[in-house]
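Residue strings, one per chain:
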Amino acid sequence: MNFVAIIGIVDQVTKLPESNDAIVNVKVEKTATNSSDDDWYDLVPVSINRETFATEMKQISHGQIVGIKGRINFVQNKLCLIGERIQVF
């Protein structure tokens, strides 16, 4: 089964001009940190189709809490997360 679910805070949204996709960088909390308070999260880039999620993309901005369900896929020999469902909180 190919299934990924994350909940985090939107850090940045980058619209890709060559396709109808956007990359949403989500800050996801680490389970344990041993360093400073600035290192409490990982940035996870998620590819989102802007046509499919037009309503959600209008609501997503920096600092917004989101839940994303998706899958892992290889794109141009690179591992990517593909968003299939988005919940904006």
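Okay, so let's go over this structure. Model, not experiment: these values are computed from the prediction.

Some remarks on the overall build of the protein chain
For step 1, the next point in the chain: Counting its regular elements, the protein chain contains 1 helix and 5 strands.
For step 2, the next point in the chain: Rg of the C-alpha trace for the protein chain: 13 Å, near the compact-globule value of 12 Å for 89 residues, within the 12% margin.
For step 3, the next point in the chain: Oriented by its inertia axes, the alpha-carbon framework of the protein chain measures out at about 40 × 30 × 25 Å.
For step 4, the next point in the chain: Counting all 89 residues of the protein chain, 30% fall into the buried class.
For step 5, the next point in the chain: The contacts in the protein chain between residues at least 6 apart in sequence include a share of 49% that link residues at least 24 apart.
For step 6, the next point in the chain: Counting only carbon and sulfur atoms, one obtains 50% of the accessible surface of the protein chain, whose full area is about 6200 Å².
For step 7, the next point in the chain: Across the protein chain, the mean location of the 9 positive side-chain charges is 7 Å away from that of the 11 negative side-chain charges.

Let's talk about the pairing of strand β3 (residues 41-49)
Strand residues, when the strand is regular, have side chains that alternate between the two faces of the sheet.
For step 1, the next point in the chain: In this sheet, β3 lies alongside strand β2 (residues 21-29) in antiparallel orientation, the contact comprising 9 bridges. Bridging from a neighbouring strand, Asn-25 pairs with Pro-45 of β3.
For step 2, the next point in the chain: Relative to strand β5 (residues 78-88), β3 runs parallel, the two sharing 2 bridges. Residue pairing across strands places Val-46 opposite Leu-81, the latter belonging to β5.

Concerning the sheet that holds β3
For step 1, the next point in the chain: If you trace the 5 strands once around the closed barrel, you get β1-β2-β3-β5-β4, paired in mixed fashion. The sheet shows a mean angle of 55° between the axes of neighbouring strands, direction not considered.
For step 2, the next point in the chain: In this sheet, β2 lies alongside strand β1 (residues 4-15) in antiparallel orientation, the contact comprising 6 bridges. Across the sheet, Gln-12 pairs through a bridge with Asn-25, a residue of β2.

Here we look at the pattern of salt bridges
For step 1, the next point in the chain: The full count for this structure, using the stated rule, is 4 salt bridges.
For step 2, the next point in the chain: The salt bridge partner of Lys-27 is Asp-11, with a shortest N-O separation of 3.8 Å. Of this pair, Lys-27 sits in strand β2 while Asp-11 sits in strand β1, and the two are 16 residues apart along the sequence.
For step 3, the next point in the chain: Between Asp-42 and Lys-30 there is a salt bridge, and its shortest N-O distance comes to 3.8 Å. In this pair, Asp-42 sits in strand β3 while Lys-30 sits in the loop between β2 and β3, placing the two residues 12 residues apart along the sequence.
For step 4, the next point in the chain: Assessed through its relative accessible area of 39%, Asp-42 is described here as partly exposed.

Quick notes on the rules
- Residues numbered from 1 in each chain as written.
- Predicted model: local features only at pLDDT ≥ 70, side-chain atom pairs only at ≥ 80, totals over all residues.
- Heavy atoms only, no water.
- Helix = DSSP H or I, 4+ residues; strand = E, 2+ residues; numbered from the N terminus.
- Rg over C-alpha atoms; globule rule 2.2 N^0.38 Å.
- Buried < 20%, exposed > 50% of the residue type's maximum accessible area, 1.4 Å probe, protein only.
- Contact = heavy atoms within 4.5 Å.
- Areas by Shrake-Rupley, 256 points an atom, 1.4 Å probe, with all protein chains shown as cover.
- Lys, Arg positive; Asp, Glu negative; His and termini not counted.
- Charge placed at Lys NZ, Arg CZ, Asp CG, Glu CD.
- Pairing = 2+ DSSP bridges.
- Axes fitted to C-alpha atoms, helices over the stretch in contact; angles between N-to-C directions.
- Salt bridge = Lys/Arg side-chain N within 4 Å of Asp/Glu carboxyl O.

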